[in-house]
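Below are the chains, spelled out letter by letter.
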Amino acid sequence: MAVAGFFKSIHKILTRYPLFEVARTALAQPKLTWAYQRRSLTMPTLPARMMIDPINICNLQCTLCPTGQNTSGMTQRAMPFEMFEHIVNLNPNLRMLDLFNLGEPFLNKDIFRMFELCQKKRIRVSVHTNLEAYDMDMVERIIQSPLARLHISVDGLCQETYGYYRVGGSFDKVWKNMKYLSRRIKETSRGPAVEWGYLYHKRNKQDISEAQKRAQELGFKFYARPLVIVPQERGPEWHDSGTIANEPISFRSDVVCPHLWLQMTLRPTGQLAYCCFAYHDDDALSEPLTSISTPEQLLELWNSGRVKRGRACFRKGTSFREIKNPMLCETCNIYPRTGGLDPEKHPYDMTFRDWLK
Ligand SMILES: C[S@@+](CC[C@H](N)C(=O)[O-])C[C@H]1O[C@@H](n2cnc3c(N)ncnc32)[C@H](O)[C@@H]1O
Ligand code: SF4
């Protein structure tokens, strides 16, 4: 039985990813992981995972989102399909794509063409959405599309708790869309795997377990995470503890940030970014990728000076004194070992076990 299951899984993998691609990904992944473990400054190959932001414009005004509040200081735009296609073609190792970052992905009119292109290239796509910019036709299109994972951001169970963070949003509308999506997935046995992400703060915390129950009824996965507060001094408005550092579930602040090694992040302008938290025009790492045409050039960019300096922040023995001109990673709140800590009291001494935790 177990043997039959094993061969069935192998068959499934080979149908989805022909042998050549399996081999290429299988060879690239250990190289990348090894470079990450050693915190190498230079990466040997392009990553299997990318985040491409298709649009940094949104229909909501969430209170702490740089797009919602229009405080990002970045050029707002949708990525044209031709640019998206060019970028995807530059990375032959690409297998997993996060097609969102700082906007509402479904406002990009070409989003479904992007899913289709990725399907042809056997790239799994995941999208985060507020599920508000929808009508029933849009839900039908999603169900029929090759999207692999849909993450819906709904942090409350009534207008008061939901709208407290999701300013401009309507709980009734989002709830109607959620029920319709669930019903149609069940009726058609099609559609993406759906995950309900609940950002909690002190005004909506009480509803987490009821939301989890409802997610189960809808057939969605569920998780709750604390709202991240930027700037930190606004912490007491949102968390009883005043900071996410004391919250039980948090981002992996105990590991070395993986972004600069294992994932490449692109803005709607087509420029390389440090990570999904870097959004100012002046911290872009490159010109739009339309200026290059080969995977080798892309790898060269990914190993250029500013990216290497970001990686250097995590190396054992690197201190702020050695890094002149502060840069983004040194002041990151999410992976705080890179910044805000006194390097003498907190040397960069993480072990292999540390980051596996
Ligand atoms: C910026 S949003 C863009 C995608 C889409 N508009 C949405 O809200 O899901 C990407 C992810 O960031 C999350 N997010 C927004 N504000 C956040 C905050 N202050 N702390 C942590 N995550 C946040 C959203 O819930 C979503 O999962
Ligand atoms: S819905 Fe998403 S992108 Fe839009 S303002 Fe809220 S968090 Fe930002």
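Check the entry above for the structure.
Residues numbered from 1 in each chain as written. Chains lettered and ligands numbered in written order. Predicted model: local features only at pLDDT ≥ 70, side-chain atom pairs only at ≥ 80, totals over all residues.

S.K.: Mind showing me how you'd approach the overall build of the protein here?
M.R.: Secondary structure summary: the protein contains 13 helices and 8 strands in total. Taking all 357 residues of the protein together, the buried fraction comes to 34%. (Helix = DSSP H or I, 4+ residues; strand = E, 2+ residues; numbered from the N terminus. Buried ≥ 20, exposed ≤ 12 C-beta atoms within 10 Å, placed from the backbone.)

S.K.: Explanation requested: the sheet that holds strand β8 (residues 272-273) in the structure shown.
M.R.: Sheet strands pair via backbone hydrogen bonds, and the direction of the pair is either parallel or antiparallel. Strand order in this open sheet of 8 strands is β6-β5-β4-β3-β2-β1-β7-β8, and the pairing throughout is mixed. Only two strands of the sheet have a single neighbouring strand rather than two, namely β6 (221-226) and β8. (Pairing = 2+ DSSP bridges.)

S.K.: What should I look at first to understand the site of ligand 1 in this one?
M.R.: Looking at ligand 1, there are 16 residues lining it, with Leu-64, His-128, Asn-130, Ser-153 and Val-228 nearest. Looking at the shell around ligand 1, the elements that each hand over two or more residues are β3 (124-129), β4 (149-153) and β5 (193-200). Of the residues contributing to the shell around ligand 1, the split by class is 9 nonpolar, 6 polar and 1 charged. (Near = placed C-beta within 6 Å. Nonpolar A, V, L, I, M, F, W, Y, C, P; charged D, E, K, R; others polar.)

S.K.: Please explain the pairing of strand β1 (residues 49-52) as it appears in this structure.
M.R.: Neither face of β1 is open: one carries Arg-49 and Met-51, the other Met-50 and Ile-52, and all of them are buried. By the bridge criterion, 3 bridges tie β1 to strand β2 (residues 96-98) in an arrangement that is parallel. In the strand pairing of β2, Met-51 is matched with Asp-98. When β1 meets strand β7 (residues 263-266), the two strands line up parallel, connected through 4 bridges. The residue bridging Met-51 from the neighbouring strand is Thr-265, located in β7.

S.K.: It is not clear to me how the nonpolar core should be interpreted in this structure. Could you clarify?
M.R.: Side chains of a nonpolar character, in soluble globular proteins, are inclined to be buried together. Counting 73 residues, the largest nonpolar core has Ile-52, Leu-97, Val-125, Val-154, Leu-266 and Ala-273 as its most contacted members. Per-element accounting of this core gives the leading share, 5 residues, to β5. Residues contacting Leu-266, with those up to four places away along its chain left out, are Met-50, Met-51, Ile-52, Asp-53, Ile-87, Leu-272 and Ala-273. (Core = buried A, V, L, I, M, F, W, Y, C linked by C-beta atoms within 7 Å. Contact = placed C-beta atoms within 7 Å.)

S.K.: Would you take a moment to explain the pairing of β7 for this structure?
M.R.: The side chains of a regular strand alternate between both faces of the sheet. Strand direction decides the pairing type here: β7 and β8, joined by 2 bridges, are antiparallel. Among the inter-strand pairings, Leu-266 is bridged to a residue of β8, identified as Leu-272. In sequence, β7 turns back onto β8 through a hairpin of 5 residues, with Gly-270 there showing a positive phi of about 85 degrees.

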